[in-house]
Structure formats: C-alpha cells, structure tokens
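Survey of secondary and tertiary structure
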Amino acid sequence: MANSRKTMSELARLAKVNVSTVSRALNDSPLVKPETKAEILRIAQEIGYSVNVAARNLRRQSSETIALVIPIKPGSGETISDPFFLEMVGAVSMAASRRGYDLLLSTPEDETAIAERRLLQTGRADGLIIIGQAGREDRLQAISEMENRIVVWGGLQKEAPYTLIGSDNIGGAEMATEHLLGLGRRRILFIGDTSLPEIALRYEGYQKAHAEERVEVDPRLSLQIGFGFQVKEVFPKLTSLIKSGLSFDGIFGASDALSIAAMDALRQNGLDVPNDVSVVGYDDINQASMSQPSLTTVSQNIAEGGELLVSSLIDKLEGKAAASKLTQTNLIIRQSCGANSA
C-alpha cells in the first residue's frame, strides 16, 4: 500500500499536479480537464504505474462486472455449447466490454440454491443478465426484491416483475408461417415445447397466421420436444410421425437447431427439402446459413439483444428506468423453404 502511494506521489510530481488530481484523473472524474487527464495517463503509462483495480472497486462498491446467468435444467441434456447460448454470450460480452464491464459466466444447475442471489450479495457482480424464464418463475420471484439489478432475456409478459428483453416472438413466428402459407403449404408442422414462454408465443404467432389466411390448424401438427430445445428427440419423434401416415408439407421449428435436426430426419426418411417439405427455423444462428440446404429462418437480432440487455442493466444500476423491449425480427429467406435457390 505504501509503495502504491509513493508511486502515485511520483506520478503527481512528474505531472506537476497534486495527488488528489492524479486520483481523480485515474478514476476518470469529470472534474479534471481532458488535457490534464490525458497527460497524467500518458505519464502513468510511461513509468508503468498501474491502478489497484480491486481497491478502487472496493471504494466504489462496484465490481465493474456483469454476471451472465444461463440456467441449465438438471437432466435436460442442455449444455452451454448450445449455438444460441454461445452467440448470446458473444453478444453480451462485446456489449459489456464496450462499456468497461467484465463478464462473469454462471451456469447454475442446483434448483434449490439461489445462485443468482449469491452473485449479487457477495459483490462478485454489480448486476445480472439471466437468459430464459422457463421453469424459473419461482426463482425469479425469489430475487424480485433485487429487480433493480436484474434484466431477463425471454418472452415478453405484462405481469413480469422484472425488465424483459426479447424478440417479437409472436410477430416473428407469424411472419415465418405466413411465408410458408404463401408458398402454398397448408399442413405446417410446428416443432417446439409450448410449455416454455417464448415457444408458446411463437406457437401463438403460428396460429395467428393460419387464422388470418383462414387455414384451419390441425392440432395433430404440433410436435412437442421435451423440456427446452432437445434436438436429440427430433429424429425419433419426427420419424414416428412420418411412419404414422400423418401428412404435412411444411415445418416451422421453434429454433434453428430443431429445424436443422428436422431436415436431417426428413432426408433419412426419404423426403426432400424443400420439394416435399418446406422448412423454416427461428434464431438465425451461424449454422443456419451453412446447413444443407441452407435454412430459411427468423432472425431475432441477437447482437441487438445483447446491446439492449447490457444497456438496460447499466441504466438500472445507475438508478434510471429501464422498460422491457423487443428486438426487431426479420425473415431470412434461404433454400430450405423453396422460395430461393441461392
């Protein structure tokens, strides 16, 4: 500690200012003129002076860290390697870095311990970004008193006691289904777990598009895939559906991973994509453009989502209001629907 003070004193002497001015400059205080601050920082770099970040953050009562919480349901088979999770981690990490925050990744599996509360109470993170609501209503309610330090990615719900950021699930799904109906597909299979808030909203959009086109929805054309996005269930369940003789000429998968797995199952059962079955997904993960055929999908603008999650959380940490928001969804047309041969 004495050596650190001596170094700051030396820095002040070289910059021809007092120690308090050096301290303010190193803490980016607006009370120090920009040119003075620049000179102090130049000399600090020149003499190898480094700020004791831990001590500074302790004084500020800030860790300058955001925790990104990706809950993994025990026994679900989900992992952090899910393409959507990886892309969201990248988007949030870049947005946090641009604002001077580090990112702490947490993947709690224990359903009884509230890991989120511990992250905040121990000071390891200033605030939390939680990805997903499914099966977590009780946990989110349990930390609702910390709402001013939490933002959640998920399906927009009016009654939610926390700030929600997500895509326009209803509008995006409606757009995808309208596209398939516009291609003349009339028996469109929906694949996804409608017990999840986001997927339920996507199914609502699927139904809305049918209603607007006055096409009846066959309730049998809904393939429920476990808890979440259990890709491994797609092949056996879709194969069983095909062998049952139930006809369908289109598929709207609630995620790209589900849709890509569905295309593989279709091929292995002798069906051609898109000639026999048109396929559309949701997310626009990187693999969507590289699948065979390339996947038509709904982009929920993950990069924009990462920006909104971080900016909303920082607003809350600064005592500002942060309303729930939706990212814009766009239909990306590729080969799997049959509307584009590129």
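One structure accompanies this document, and this report is about it. Only a predicted model underlies this, so the values are computations on that prediction, with no experimental measurement involved.

A separate point is the pattern of salt bridges. Tallied over the entire structure, the rule returns 13 salt bridges. Of the charged contacts in the structure, one is a salt bridge between Arg-98 and Glu-307, with a shortest N-O distance of 2.0 Å. On the criterion of sequence distance, the pair formed by Arg-98 in helix H5 (residues 83-98) and Glu-307 in helix H13 (residues 302-317) is long-range, its members being 209 residues apart. Under the relative-accessibility criterion, Glu-307 is labelled partly exposed at 23%. We note a salt bridge from Arg-187 to Asp-218, for which the minimum N-O separation is 2.8 Å. Here Arg-187 is found in the loop between helix H8 (169-182) and strand S6 (188-191), whereas its partner Asp-218 is found in the loop between helix H9 (197-212) and strand S7 (222-223), with 31 residues between them in sequence.

Taking 1.5 Å per residue, 16 residues should reach 22 Å; H9 reaches 23 Å between its end C-alpha atoms and fits that length. Among the residues trailing H9, Arg-214 stands out with phi positive, at a value near 55°.

What follows deals with the packing of H8 against H9. Where H8 meets H9, the axes come as close as 7 Å, and the angle between the chain directions of the two elements is 40°. Between H8 and H9, the crossing angle belongs to the class labelled oblique. When the axes of H8 and H9 are compared, the crossing they make is right-handed. Between H8 and H9, the residues in contact are Asn-169, Ile-170, Ala-173, Glu-174, Thr-177, Glu-178 and Leu-181 and Glu-198, Leu-201, Arg-202, Glu-204, Gly-205, Tyr-206, Lys-208, Ala-209, His-210 and Glu-212, respectively. For the contact of H8 with H9, the class distribution of residues is six nonpolar, four polar and seven charged.

Conventions adopted
Residues numbered from 1 in each chain as written. Predicted model: local features only at pLDDT ≥ 70, side-chain atom pairs only at ≥ 80, totals over all residues. Heavy atoms only, no water. Salt bridge = Lys/Arg side-chain N within 4 Å of Asp/Glu carboxyl O. Helix = DSSP H or I, 4+ residues; strand = E, 2+ residues; numbered from the N terminus. Buried < 20%, exposed > 50% of the residue type's maximum accessible area, 1.4 Å probe, protein only. Expected span 1.5 Å × (residues − 1). Axes fitted to C-alpha atoms, helices over the stretch in contact; angles between N-to-C directions. Parallel < 35°, antiparallel > 145°, perpendicular 65-115°, else oblique. Left-handed = near helix turned anticlockwise from the far one by under 90°. Contact = heavy atoms within 4.5 Å. Nonpolar A, V, L, I, M, F, W, Y, C, P; charged D, E, K, R; others polar.

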